Amino acid sequence: MEQLLRAELRTATLRAFGSPSAGGCISEGRAYDTDAGPVFVKVNRRTQARQMFEGEMASLEALRSTGLLRVPRPVKVIDLPEGGAAFVMEHLKMRSLSSQASKLGDQMAELHLYNQKLREKLTKEENTVGRRAEGADPPYVSKFGFHTVTCCGFIPQVNEWHDDWPTFFTRHRLQAQLDLIEKDYADREARELWSRLQVKIPALFCGLEVVPALLHGDLWSGNAAEDDAGPVVFDPASFYGHSEFELAIALLFGGFPRAFFAAYHRKVPKAPGSEQRLLLYQLFNLLNHWNHFGRSYRSAALGAMRRLLA
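All figures in this text were calculated on a predicted structure; none of them were measured in a lab.

Considering the environment of Ser 243
Along the chain, the position of Ser 243 falls in helix H6 (residues 243-250). We classify Ser 243 as buried; its relative accessible area is 14%. Each C-alpha atom of the pair Ser 243 and Gln 175 lies 20 Å from the other, and the pair is 68 residues apart in sequence. Those residues in contact with Ser 243, other than ones at most four positions away along the chain, are His 112, Ala 213, Leu 215 and Tyr 264.

Below is the structure:
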């Protein structure tokens, strides 16, 4: 591994420091000093590791391009001779999120409003006499999806562009997860509950305009931290979707400090019906965990489906 890293990073210095750690729940990670500064290297031996890391790299680049929040700077995805891949990124010396939770909530709100503000600016310019300067701003994204596959954990997510958010979410998030559960578990109760639930989903979005928002895509508490310069997020699975989707997992698995949500909702107030939609989005996360970690998540997933049908 070290010989490969020296060659790929063109560095004479390659000195591991700290203890080997988890690069998320799915990969292994190790920090190294190099000629260009410290890097963090995630390693995954799965056959689809390159696709997974390329999606993460594209996600980090998209988030960085907004200038609104800090993520590690991606460097390179490297194929491993024995199979799998490594992902090299900037190393940041981070600690658990605490004093910077409010600032992160503010930054996430700005991220979710970013594309909407581009739309408002574009509309204003279209109504103004004179030509808009080409390349002056990033383009407004009018559809839901992403330009490449991203993985939530190790499961690839279809991100084909779609005009309608409920259809995109139902087909490419919930149905995709339930197809895997059917394949691996053939769970009759999950199948029966889903047949009833899927026809009710459009009603949860009645009267609501969903503007595509660039999302981190996997913003649970283990993917956020802080350092002396402020909050940091990492391990994204980005796409353009409904901003409420982001908050669903932020409320699960340990959750974020209250200050995060207070700051977020000062800029993005809760919309009518958001509690039911949050439960719908949490269903996706529970199904995804069932597919990753097994039947211990079955009860919570089926319980969410029953509550949505109540």
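Brief notes about the side chain of Gln 157
Following the sequence through the fold, Gln 157 ends up in strand E8 (residues 155-157). In this view, Gln 157 contacts Val 149, Thr 150, Cys 151, Cys 152, Arg 173, Ala 237 and Phe 284; residues no more than four positions away in its chain are not counted.

As for the sheet that holds strand E10 (residues 224-227)
What the three strands build is an open sheet, ordered E6-E10-E11; its pairing is antiparallel. Two strands close off the open sheet at either side, each with one partner strand: strand E6 (95-96) and strand E11 (230-233). Summarising the sheet, E6 and E10 pair through two bridges and their orientation is antiparallel. Bridge pairing in E10 places Ser 96 opposite Ala 225.

Digging into the domain arrangement of the protein chain
Domain annotation of the protein chain identifies domain 1 (18-95) and domain 2 (96-132 + 140-309). Here the C-alpha centroids of domain 1 and domain 2 sit 23 Å apart. Between domain 1 and domain 2, the residue contacts involve 27 residues of the former and 36 residues of the latter. Taken together, both faces of the contact between domain 1 and domain 2 bury some 2,500 Å²; the carbon and sulfur share is 66%. If you sort the residues of domain 1 by the area they bury against domain 2, Leu 68, Arg 70 and Arg 95 come out on top, with a joint share of 29%. The shortest N-O distance in the salt bridge between Asp 235 and Lys 42 comes to 2.8 Å. Applying the counting rule to domain 1 against domain 2 returns seven residue pairs in polar contact (both at pLDDT 80 or more). Tallying contributions element by element places helix H2 (residues 49-66) first for the side of domain 1 that touches domain 2, with 11 residues.

Criteria and thresholds
- Residue indices begin from 1 for each chain and proceed along its sequence in written order.
- Local features in this predicted model are restricted to residues of pLDDT 70 or higher, and side-chain atom pairs are both shown and tallied only at a pLDDT of 80 or more, whereas totals for entire chains, interfaces and linings draw on every residue.
- Excluded from the side-chain calculations are hydrogens and water; all other atoms, namely the structure's heavy atoms, are used.
- For helices the rule is a DSSP run of H or I covering at least 4 residues; for strands it is a run of E covering at least 2, with both sets numbered from the N terminus onward.
- Buried residues are those whose accessible area, probed at 1.4 Å on protein chains only, stays under 20% of the maximum for their type, while exposed residues exceed 50% and partly exposed ones sit between those limits.
- Only heavy atoms enter the contact rule, under which two residues are in contact if any of them lie within 4.5 Å.
- We treat two strands as partners when DSSP finds at least two bridges between them.
- Segmentation of the chain into domains, including their bounds, is taken from an automatic or database domain assignment.
- Note on definitions: buried area is the accessible-area loss of two parts on being combined, 1.4 Å probe, summed for both.
- The salt bridge definition used is simple: a Lys or Arg side-chain nitrogen within 4 Å of an Asp or Glu carboxyl oxygen.
- We call two N or O atoms a polar contact when they sit within 3.5 Å, provided that within protein one can donate a hydrogen and the other can accept it, with sequence-adjacent residues counted only if both atoms are side-chain atoms.

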